[in-house]
Amino acid sequence: MQPPPQPQGAMATGAAILTVPCSVGRRPKRSSQRRGSGSASLSVRASSDANTVTLLDYGAGNVRSVRNAIRHLGFGIRDVRSPEDILAADRLVFPGVGAFGSAMDVLNSTGMADALREYVQMDRPFLGICLGLQLLFDSSEENGPVSGLGLIPGVVRRFDSSKGLIVPHIGWNALEITKDTQLLQGADGHHVYFVHSYHALPSDANRDWISSICNYGDSFISSISMGNIQAVQFHPEKSGDTGLSILKNFLSANSSGAKVPARRKASKLAKRVIACLDVRSNDNGDLVVTKGDQYDVRDHTSSKEVRNLGKPVDLASQYYIDGADEVSFLNITGFRDFPLGDLPMLEVLRCASEKVFVPLTVGGGIRDFTDANGRYYSSLEVASEYFRSGADKISIGSDAVYAAEAFLQTGVKTGKSSLEQISRVYGNQAVVVSIDPRRVYVNSPEDVPFKTVKVSSKGPSGEEYAWYQCTVSGGRDSRPIGAYELAKAVEELGAGEILLNCIDCDGQGCGFDIDLVKMVSDAVTIPVIASSGAGAVEHFSEVFEKTNASAALAAGIFHRKEVPILAVKEHLVDAGVEVRV
Ligand code: 1PR
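Parameters and conventions
Residues numbered from 1 in each chain as written. Predicted model: local features only at pLDDT ≥ 70, side-chain atom pairs only at ≥ 80, totals over all residues. Heavy atoms only, no water. UniProt positions renumbered as here; feature names shortened; annotations may be inferred. Helix = DSSP H or I, 4+ residues; strand = E, 2+ residues; numbered from the N terminus. Contact = heavy atoms within 4.5 Å. Areas by Shrake-Rupley, 256 points an atom, 1.4 Å probe, with all protein chains shown as cover. pLDDT = per-residue confidence, 0-100. Pairing = 2+ DSSP bridges. Buried < 20%, exposed > 50% of the residue type's maximum accessible area, 1.4 Å probe, protein only. Right-handed = clockwise from strand over helix to strand, strands pointing away. Polar contact = N/O pair within 3.5 Å; in protein donor to acceptor, adjacent residues only side chain to side chain. Disulfide = S-S within 2.5 Å. Core = buried A, V, L, I, M, F, W, Y, C linked by side-chain atoms within 4.5 Å. Salt bridge = Lys/Arg side-chain N within 4 Å of Asp/Glu carboxyl O. Near = heavy atom within 4 Å. Nonpolar A, V, L, I, M, F, W, Y, C, P; charged D, E, K, R; others polar. Phe/Tyr/Trp six-rings, centres within 6.5 Å; stacked < 30°, edge-to-face > 60°.

Named according to an unreviewed UniProt entry, the chain is Imidazole glycerol phosphate synthase hisHF originating from Panicum hallii var. hallii. Database annotation for the chain, UniProt heading Subcellular location (unreviewed entry): "Plastid, Chloroplast". Under the UniProt heading Pathway (unreviewed entry), the entry covering the chain gives this text: "Amino-acid biosynthesis; L-histidine biosynthesis; L-histidine from 5-phospho-alpha-D-ribose 1-diphosphate: step 5/9."

> Quick rundown of the overall build of the chain? Include the residues and the values.
Tallying secondary structure elements over the chain gives 16 helices and 29 strands in all. When contacts within the chain are restricted to residue pairs at least 6 apart in sequence, long-range pairs at least 24 apart make up 73% of them. Surface exposure of the chain reaches about 22,000 Å², of which carbon and sulfur atoms provide 48%.

> Before we move on, could you go through the confidence of the model for the chain and cite the residues and values that matter?
Averaged over every residue, the pLDDT of the chain is 87; the share at 70 or more is 88%. Counting interchain partners and residues more than four positions distant, the pLDDT-below-50 stretch residues 1-25 has 59 contacts. Counting contacts from residues 30-47, a segment whose pLDDT is below 50, to residues more than four positions away or on other chains yields 35 contacts.

> How would you sum up the sheet that holds strand 5 (residues 137-140)? Please name residues and give values.
Read across the sheet, four strands follow the order 6-5-7-11 without closing on themselves; strand pairing throughout is mixed. Of all strands in the sheet, those bounded by a partner on one side alone are strand 6 (146-147) and strand 11 (198-200). Looking at chain direction, strand 5 and strand 7 (residues 152-158) are connected through three bridges and run parallel. Each residue of the ladder has a partner; that of Ser139, found in strand 7, is Val155.

> Give me the environment of Tyr377: which residues, what numbers.
Within the element layout of this structure, Tyr377 appears in strand 20 (residues 376-377). We classify Tyr377 as buried; its relative accessible area is 15%. Considered as a pair, Tyr377 and Arg367 are ten residues apart in the sequence and their alpha carbons are 8.5 Å apart.

> Outline the pairing of strand 28 (residues 528-531), supporting the account with residue identities and numerical values.
Neither face of strand 28 is open: one carries Val528 and Ala530, the other Ile529 and Ser531, and all of them are buried. Where strand 27 (residues 497-500) meets strand 28, three bridges bridge the pair, whose relative direction is parallel. By the bridge assignment for strand 28, Leu499 is matched with Ile529. On the question of chirality, the crossover connecting strand 27 to the parallel strand 28 by way of helix 13 (residues 514-523) is right-handed. Bridge count between strand 28 and strand 29 (residues 551-554): three bridges; the pairing is parallel. Bridge pairing in strand 29 places Ser531 opposite Leu553.

> Account for the side chain of Gln230, naming residues and giving values.
On the secondary structure map, Gln230 appears in strand 14 (residues 229-232). Residue classification places Gln230 among the buried residues on the basis of a relative accessible area of 11%. Polar side-chain contacts of Gln230 include one of 3.1 Å to the side chain of Ser225. In this structure, Gln230 is in contact with Phe126, Leu127, Gly128, Leu183, Ile224, Ser225 and Phe250, ignoring residues within four places of it in sequence.

> Account for the state of the cysteines, naming residues and giving values.
Taken as a whole and judged by the stated rule, the model has zero disulfides. Unpaired in terms of disulfides, Cys505 finds its nearest cysteine sulfur in Cys502, a separation of 3.8 Å. The buried category is assigned to Cys505, whose relative accessible area is 10%.

> Give me the lowdown on the nonpolar core, citing residues and values where you can.
In terms of nonpolar packing, the biggest core is built from 173 residues, with Phe329 and Phe540 touching the most fellow members. Among all residues touching Phe540, those that are not within four sequence positions of it are Val273, Phe512, Ala534, Ala552, Ala554, Ile557, Phe558, Val568 and Leu572. One finds Leu330, Val432, Leu499 and Leu553 within the second-largest nonpolar core, a separate group that totals nine residues.

> Which residues make up the pattern of salt bridges, and what values go with them?
Summed over all chains, the structure comprises 27 salt bridges. Notably, a salt bridge pairs Arg117 with Asp114, separated by 3.0 Å at the nearest N-O pair. Taken together, the residues span about one helical turn, with Arg117 and Asp114 both in helix 4 (residues 112-121) at a distance of three residues. A relative accessible area of 0% places Arg117 in the buried class. Note on Asp114: relative accessible area 22%, which makes it partly exposed. For Asp506, the salt bridge goes to Lys291, with nearest N and O atoms at 2.6 Å. Here Lys291 lies in the loop between strand 16 (287-290) and helix 7 (312-322) and Asp506 lies in the loop between strand 27 and helix 13, a separation of 215 residues in the sequence.

> So what's going on with the UniProt feature "binding site: substrate" (unreviewed entry) in the chain? Residues and values would help.
What UniProt calls "binding site: substrate" (unreviewed entry) maps, in this numbering, to Gly365 and Asn501. With respect to the secondary-structure elements, Gly365 resides in the loop between strand 18 (360-363) and strand 19 (369-370). Along the chain, Asn501 turns up in the loop between strand 27 and helix 13. With residues up to four places along the chain from it excluded, the contact list for Asn501 reads Tyr295, Ser434, Ile435, Asp436, Pro437, Leu516, Ser531 and Ser532.

> I'd love a proper account of the sheet that holds strand 4 (residues 126-130), names of residues and values included.
The strand order across the open sheet formed by eight strands is 2-1-3-4-14-13-12-9, and the pairing between neighbours is mixed. The open sheet has two edge strands with one neighbour each: strand 2 (76-79) and strand 9 (176-177).

> Break down the site of the ligand for me, with residues and values.
Close to the ligand lie 25 residues, the nearest being Lys291, Ser398, Ser434, Asp436 and Asp506. Separating an oxygen atom of the ligand from a backbone N or O atom of Gly397 is a distance of 2.9 Å. Between the ligand and Ser532, the relevant distance is 2.7 Å, taken from an oxygen atom to a side-chain nitrogen or oxygen of the residue. Computed on the free molecule, the ligand has an accessible area of 760 Å², of which 98% lies beneath the protein chains in the complex. Those elements giving two or more residues to the shell around the ligand turn out to be strand 15 (272-281) and strand 29. Tallied by class, the residues present in the shell around the ligand amount to nine nonpolar, twelve polar and four charged.

> Summarise the side chain of Thr52; cite the residues concerned and give the values.
Following the sequence through the fold, Thr52 ends up in strand 1 (residues 52-55). Ignoring anything within four residues of it in the chain, the contact list for Thr52 reads Gly76, Ile77 and Arg78.

> An account of the packing of aromatic side chains is requested, with residue identities and associated values reported.
Summed over all chains, the structure comprises 13 aromatic pairs. Ring centres of Tyr119 and Phe126 lie 6.5 Å apart, and the angle between their planes is 50°; this geometry places the pair in the tilted category. A residue is classified by how much of its surface remains accessible, and Tyr119, at 0% relative accessible area, is buried. Overall, Phe126 belongs to the buried group, its relative accessible area being 0%.

The following block contains the structure:
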């Protein structure tokens, strides 16, 4: 198993940058005006198969989701192996992954940057996704400034979190469509999924290119369109039916010409509803979805069997159809079973990613490990295997607690923790930290060196305050660190999101722990997912009204079919909370 290539830092200043002569908007040339310079040595082969699309995967990360979505729509994939393959393509999809600087390093060193410029200049059908949009611009400040392909005027900047904006921008927004395009036909007013910390800025110089914008703190470019050149900042492959139809609009060769009605006001970032599947082997060795009460997943009957609530892939697929905005798998015995020995879990991910076209998160067992034969696996290798198998995000529990404790003790970021390594390679938007705290009541904030809250319901002995003690190994061991301290530390170390459980509330159906969610979501500028305790639709509106949570996650009520996901969404709409419906 090979870890993905490591980002190589900012691009070497000597790298060959071909500046494309630019008129305002730098319109691509029609194919008869093919540029001769820069990539003259690259021959152009004609390749024609209406049901096959060429995919540029330069090996810097996981494009499995894009592949799955293309195949799901009935199209074949031809992989780019050389710059000539780009020039021979009839229809090219470029799902940029990783960091801007390392992507440009790879594209420049392989000659693909020149080929891409030439392909775009020839105005052949092109769809860039996420970083595949950003790379078309002049430059990015990510690890930089770093020069991009220089095909569209403008810079790519980081969202500014200094005024409390939650960064990364993760979640669902509706687009403000500014130009009639075939690509976005049917997308008007529908939410699409974004996950990024950097964004391309609209300006007079690139106005002609813009086909939609979105607002998150500032207006940013959510898609561009010029001739046959299209690119989107969002992830169509993770945007449910709307995203699949956008992808299909591009892939269907004969679909040009239709128009969308233009102009719809951009939305705010929608709140997400996440279905969570706690997965483990039952006593027969089958991988099942289970669900505990306060983390105890065994029946309270004499059999004491692990509760079996269904098959992971079946349930995940059903939740996708039901409208879940994300699906999370937590391998809850990962702390003691090495996940790469647990190949069924990887198979679950592979199968789920072929059917679920919203983001998939997987957690459990992400840590360094030496197996019985003395073979050492780094946490990065474990995470890479999860990503390769179809995860969009990984979630770290126990190992993040140890990393945060060490960081708070020494004040030094070693760069060696699993959290730091994985977020450095895959970006912090791909790394969730899962916190498993337990409420500890105290009489006064001075009683403990951890952040306390004045609780809404007093403790058993009339205590008015509580702190939230973090645990590891599925709640088995308590650690000397609070949820507040942990959240702030892991944000510093590179976490992109926090999954905030609460052992006291887990499986109880009495609502989220609002005191806890408010304390943590006010403390960090990364998204917080409220988890544990959902029992009714009102619990979702309550957590969004009273806290800064970006998403709410539930398990038991969905598995037991007590509350359908659609009922949650409809309730939230009635309560005035923006959601993707
Ligand atoms: O420590 O990196 O191996 O990660 C282990 C992961 O497994 C952690 O994310 C941890 O939260 C999870 N985990 C470990 N043991 C259990 C258990 O239940 N015995 N599940 C467990 C945690 C909590 C939620 C749950 C919500 C919603 N499950 O994810 O789904 O509380 O439930 P509800 O809506 O029914 O109340 P590592």
